[in-house]
Amino acid sequence: MRKLSIAIDGPAGAGKSSVSKILAGRLHYAYLDTGAMYRAVTYEVLTRKVEGEESIISMTEKLDMEVQPGEAGMEVFVDGKNVTPFIRTPEVSSKVSAVSAIGGVRKAMVAIQRKQAEKGGIVLDGRDIGTTVLPKADVKIFLTASVHTRALRRFREITEGHPEMTMEEVEKEISRRDYLDSHREISPLRKAEDAILLDNGDLTLESTAEAIISICEKKFPGFDR
Ligand code: DC
């Protein structure tokens with residue numbers, strides 16, 4: 001048997017990155033957090049104060065972006081600098097949907113993602129992995145939970161760093177991002193036809209990862225880990 005490529009798509013706060021990290025660890029696979037890549041581009045757009053689609057695309061095409069496994073998951077380096085600590089701020093979160101809707105930005109990121117996934121043995125999480133990046137992924141999961149559950153998870157995460165945000169604000173921001181990500185023209189967030197829908201509202205991260213391993217086992221008995 002060979003090593004699998006596993007696509008985990010779904011809306012913000014569904015626990016994709018935490019579950020993907022656990023899953024990749026259990027299977028000894030690589031892990032690619034594609035949202036972190038769009039966040040890194042957005043961070044550069046904000047810090048360099050780049051405006052207008054054309055300029056954003058040309059900046060993105062020139063970025064030297066590298067991803068590496070780090071202690072707390074995947075780390076993103078831009079032009080040699082580790083930008084991971086700066087990509088989850090409310091400023092980046094509120095701008096990332098707009099930046100990631102730009103076709104030229106997506107084209108550049110998808111090329112890197114496909115290259116990383118070439119050899120299999122990888123878990124990718126994002127919005128368009130099963131539909132666009134790897135339409136032939138071995139296993140596709142669409143991970144979701146109610147807006148309230150997802151907002152509550154994000155609220156707990158965010159308020160550690162930004163205690164000024166209220167639960168209501170976080171829920172609004174999640175709904176806004178759901179809307180933008182699923183209504184954009186290019187590669188909108190949607191479940192691939194052959195993806196398995198997994199609502200993890202009542203599951204822990206560990207048991208969500210377990211459920212995905214069972215799905216892999218069922219489809220590819222004895223698959224390589
Ligand atoms: O998973 P995340 O919340 O860190 O992703 C941040 C944003 O990046 C998300 O709102 C939409 C965008 N994104 C995307 O367009 N395509 C992906 N494959 C992953 C993320």
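For the structure given in this document, a descriptive report is provided here. (Residues numbered from 1 in each chain as written. Predicted model: local features only at pLDDT ≥ 70, side-chain atom pairs only at ≥ 80, totals over all residues. Heavy atoms only, no water.)

## Side note on the overall build of the chain
Moving on, step 1. If you tally the helices and strands in the chain, you get nine helices and eight strands.
Moving on, step 2. Relative to the globule expectation of 17 Å for 225 residues, the C-alpha radius of gyration of the chain, 17 Å, shows essentially globular dimensions.
Moving on, step 3. When the backbone C-alpha atoms are referred to their principal axes, the chain occupies close to 50 × 40 × 35 Å.
Moving on, step 4. Buried positions account for 50% of the 225 residues belonging to the chain.
Moving on, step 5. Of the contacts formed within the chain by residues at least 6 apart in sequence, a portion of 74% connects residues at least 24 apart.
Moving on, step 6. When the accessible surface of the chain is totalled, it reaches about 11200 Å², and 53% of it is carbon and sulfur.
Moving on, step 7. Each charge class in the chain was averaged separately, 33 positive and 35 negative side chains, and the resulting centres sit 4 Å apart. (Helix = DSSP H or I, 4+ residues; strand = E, 2+ residues; numbered from the N terminus. Rg over C-alpha atoms; globule rule 2.2 N^0.38 Å. Buried < 20%, exposed > 50% of the residue type's maximum accessible area, 1.4 Å probe, protein only. Contact = heavy atoms within 4.5 Å. Areas by Shrake-Rupley, 256 points an atom, 1.4 Å probe, with all protein chains shown as cover. Lys, Arg positive; Asp, Glu negative; His and termini not counted. Charge placed at Lys NZ, Arg CZ, Asp CG, Glu CD.)

## Observations regarding the side chain of Glu44
Moving on, step 1. Looking at the element boundaries, Glu44 is found in helix H2 (residues 34-47).
Moving on, step 2. Every residue in contact with Glu44, bar those within four places of it in the chain, is listed here: Lys49, Met59, Leu63, Val78 and Val83.

## Describing empty space enclosed by the protein
Moving on, step 1. One pass over the structure, following the stated rule, counts one cavity of 30 Å³ or more.
Moving on, step 2. Within this model, the largest cavity holds a volume of roughly 30 Å³.
Moving on, step 3. Every residue lining the largest cavity is listed: Asp9, Gly130, Thr131, Lys140, Ile141, Phe142, Arg190, Lys191, Ala192 and Ala195.
Moving on, step 4. Taken together, the elements giving at least two residues each to the lining of the largest cavity come down to helix H6 (129-133) and strand E7 (139-144).
Moving on, step 5. A per-element tally of the lining of the largest cavity places E7 first, with three residues.
Moving on, step 6. For the lining of the largest cavity, the per-class residue count stands at four nonpolar, two polar and four charged. (1 Å grid on protein atoms, 1.4 Å probe; cavity = no way out; pocket = protein on both sides within 12 Å on 5 of 7 lines; lining within 4 Å. Points joined across faces, edges and corners; volume = space filled by probe spheres on them. Nonpolar A, V, L, I, M, F, W, Y, C, P; charged D, E, K, R; others polar.)

## Digging into unusual backbone geometry
Moving on, step 1. Backbone geometry at Lys49 places phi at a positive 55 degrees, although glycine is not the residue there.
Moving on, step 2. By the secondary structure assignment, Lys49 is in the loop between H2 and helix H3 (53-62).
Moving on, step 3. You will see that Ser187, though not glycine, has its phi angle at about 45 degrees, which is positive.
Moving on, step 4. As for its position among the elements, Ser187 is in the loop between helix H8 (167-183) and strand E8 (196-199).
Moving on, step 5. For Ser187, a relative accessible area of 15% corresponds to the buried category.

## Quick word on the nonpolar core
Moving on, step 1. Ile6, Val41, Val76 and Ile212 are the most contacted members of the largest nonpolar core, which has 58 residues in total.
Moving on, step 2. Element by element, the count of residues in this core is highest for H2, at seven residues.
Moving on, step 3. For Val76, the residues in contact, after removing those within four places along its chain, are Ala36, Ala40, Met65, Glu66, Val67, Lys81, Asn82, Val83, Thr84 and Ile87. (Core = buried A, V, L, I, M, F, W, Y, C linked by side-chain atoms within 4.5 Å.)

Treat this as a map of the structure, not an account of what it does.
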